[in-house]
Amino acid sequence: MTDAEDLVADIEALGGKLAAAKASITKRFIGQERVVDLTLTALLCGGHGLLIGLPGLGKTRLVETLSTVMGLDGSRIQFTPDLMPADILGSEVLDTAEDGTRAFRFVPGPVFCQLLMADEINRASPRTQSALLQAMQEKTVTVAGQDRPLGTPFHVLATQNPIEQEGTYPLPEAQLDRFLVQIDVEYPDRATERDILLATTGTVDEQATAVFSGGELLAAQTLLRRMPVGDSVVELILDLVRTFRPGEPDAPAIVRETVAWGPGPRAAQAFMLAVRARALLQGRLAPSAEDVIDMARPVLTHRMALNFAARARGDSLSDLITETAANLSSREAAA
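Residues numbered from 1 in each chain as written. Predicted model: local features only at pLDDT ≥ 70, side-chain atom pairs only at ≥ 80, totals over all residues. Heavy atoms only, no water.

Enquirer: Would you take a moment to explain the overall build of the chain for this structure?
Expert: Broken down by element type, the chain carries 16 helices and eleven strands. Taken over the C-alpha trace, the chain has a radius of gyration of 21 Å; the compact-globule value for 335 residues is 20 Å, and the two agree within 12%. Overall size of the chain, expressed as C-alpha extent along the three principal axes, is 80 × 55 × 45 Å. Excluding contacts between residues fewer than 6 apart, the proportion of contacts in the chain whose partners are at least 24 apart in sequence is 75%. A total accessible area of about 16,100 Å² is found for the chain, and carbon and sulfur atoms account for 52% of it. In the chain, 31 positive and 44 negative side-chain charges are present, and the distance between their average locations comes to 2 Å. (Helix = DSSP H or I, 4+ residues; strand = E, 2+ residues; numbered from the N terminus. Rg over C-alpha atoms; globule rule 2.2 N^0.38 Å. Contact = heavy atoms within 4.5 Å. Areas by Shrake-Rupley, 256 points an atom, 1.4 Å probe, with all protein chains shown as cover. Lys, Arg positive; Asp, Glu negative; His and termini not counted. Charge placed at Lys NZ, Arg CZ, Asp CG, Glu CD.)

Enquirer: Sorry, what's going on with the packing of aromatic side chains here?
Expert: Centre distance and the angle of the planes are the two values used to describe a pair of aromatic rings. Taken as a whole and assessed by the stated rule, the structure comprises one aromatic pair. If you follow Lys17 out to its NZ or CZ, it ends over the ring of Phe212, 4.9 Å from the centre. Over the ring of Phe106 we find Arg148; its NZ or CZ atom is 3.9 Å from the centre of that ring. (Phe/Tyr/Trp six-rings, centres within 6.5 Å; stacked < 30°, edge-to-face > 60°. Lys NZ or Arg CZ within 6 Å of the ring centre and 35° of its normal.)

Enquirer: Quick question: what am I supposed to make of the pairing of strand E3 (residues 90–96) here?
Expert: Note that E3 and strand E4 (residues 102–108) share seven bridges and pair antiparallel. Each bridged residue has a counterpart across the sheet, and for Glu92 the counterpart in E4 is Phe106. Counted along the chain from E3 to the antiparallel partner E4, the turn is five residues long, and its residue Gly100 has a positive phi close to 95°. (Pairing = 2+ DSSP bridges.)

Enquirer: For this particular structure, what's the right way to read the environment of Gly31?
Expert: Locating Gly31 in the fold gives a position in the loop between helix H1 (3–25) and helix H2 (33–44). Residue classification places Gly31 among the partly exposed residues on the basis of a relative accessible area of 28%. Taking C-alpha positions, Gly31 is 17 Å from Gln282, a pair spaced 251 residues apart along the chain. What Gly31 contacts, discounting residues up to four positions off in sequence, is Val36 and Thr192. (Buried < 20%, exposed > 50% of the residue type's maximum accessible area, 1.4 Å probe, protein only.)

Enquirer: When you look at helix H6 (residues 131–138) in this model, what are you seeing that I'm missing?
Expert: An α-helical turn contains 3.6 residues, so any two residues separated by three or four positions project in the same direction. Looking only at H6, the buried set comprises Ala131, Leu132, Ala135 and Met136. The arc that holds the buried residues of H6, viewed along the axis, is 105°, so those residues lie on one side. One or two positions beyond H6, positive phi appears at Lys139, with a value near 60°. (Arc of directions from axis to C-beta.)

Enquirer: Where do I start with the side chain of Gln32 in this structure?
Expert: Inspection of the secondary structure assignment puts Gln32 in the loop between H1 and H2. At a separation of 2.7 Å, a polar atom in the side chain of Gln32 contacts the main-chain carbonyl oxygen of Glu186. Not counting the four nearest positions on each side in its chain, Gln32 is found in contact with Val185, Glu186, Tyr187 and Pro188. (Polar contact = N/O pair within 3.5 Å; in protein donor to acceptor, adjacent residues only side chain to side chain.)

Enquirer: Can you help me understand the environment of Ser318 in this one?
Expert: Looking at the secondary structure, you find Ser318 in helix H16 (residues 317–334). Residues Ser318 and Thr301, 17 residues apart in the sequence, show an inter-C-alpha distance of 6.6 Å. The contacts of Ser318, once residues within four sequence positions are left out, are Arg297 and Thr301.

Enquirer: Just checking my understanding: could you explain the nonpolar core for this structure?
Expert: A general tendency of soluble globular proteins is for nonpolar side chains to be buried together. Formed by 72 residues in total, the largest nonpolar core has its most connected members in Leu66, Met70, Leu240, Phe271 and Leu300. No other element matches the eleven residues that helix H12 (residues 265–281) contributes to this core. Those residues in contact with Leu66, other than ones at most four positions away along the chain, are Ile25, Thr39, Leu40, Leu43, Gly71, Leu115 and Leu157. By size, the runner-up hydrophobic cluster in this structure holds 27 residues, among which are Leu83, Ile121, Ala131 and Val143. (Core = buried A, V, L, I, M, F, W, Y, C linked by side-chain atoms within 4.5 Å.)

Enquirer: Please clarify how the side chain of Gln160 should be interpreted in this entry.
Expert: Within the secondary structure, Gln160 sits in strand E8 (residues 155–160). Look at Gln160 and you get buried, because its relative accessible area is 16%. For Gln160, the residues in contact, after removing those within four places along its chain, are Leu50, Leu51, Ile52, Gly53, Ile121, Asn122 and Leu171.

Any functional reading would require information beyond the geometric quantities listed.
This is how it looks when you write it as structure tokens:
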């Protein structure tokens, strides 16, 4: 077989495993296919996900299920205002041996895992939030002057309540940019909510089964980066990212009037990976322009902000991204 044939065979095999993984996840996290796809996208791309939704929508249940299905060592941190960096990273304790000698021993914190759930991440102080910055970007942490590598693979799925902001600390832009995608968890529709009621209030709770292992997920991440991306898709990604920068000379008037700051190069990198993951989850061999438009909101929403005047008018950042992306795609298709 040629290299191209091998790549096609590997992608098709991975697509089958991903279908099995989704089926296992939906045994415990019913409905919300979009949320499941975006969460798997973050893992397939080797990145992190920010889940934003009201309490009681199953965010914790989803992360716990993912840990099982993807074969990852999971850990959970409930962020509170009094949480300290050492509670996340770990600390050194002084041990006394039987002969009376003393030595420091490192006790690892919950960040030393493969899938970390950071529950209500915006409830911790900036000092504690910053403890995750190095972990999310470098996959290592520095404690007592020594670099300590984290689990392989390592992913953070953080949750945030969009309504209750009393006693919270908004995440700094530098940390928001570390999240590959923002995943909005909405209310389920009536039919889905009925299925949830029937499945979760009986005597038997469905159990998810492992489909991947940590090593297989790493292999999937490598395979995803081998997927070809057409020049037209690359150009559309660049056009879209640069369109939302108000300082660009070609930026639309609505962007210059409403956007305070736009996405940086990391957004384009996230796009390149995310569109591949979407194609892979749908059983296709390469991404298309449709994948770019669909991933615009998850990739860009947390990487840009409206200015004061736009916020005062009640403008919607999500609507701006959706409309601008659709218009840009239509113009390029007609050109």
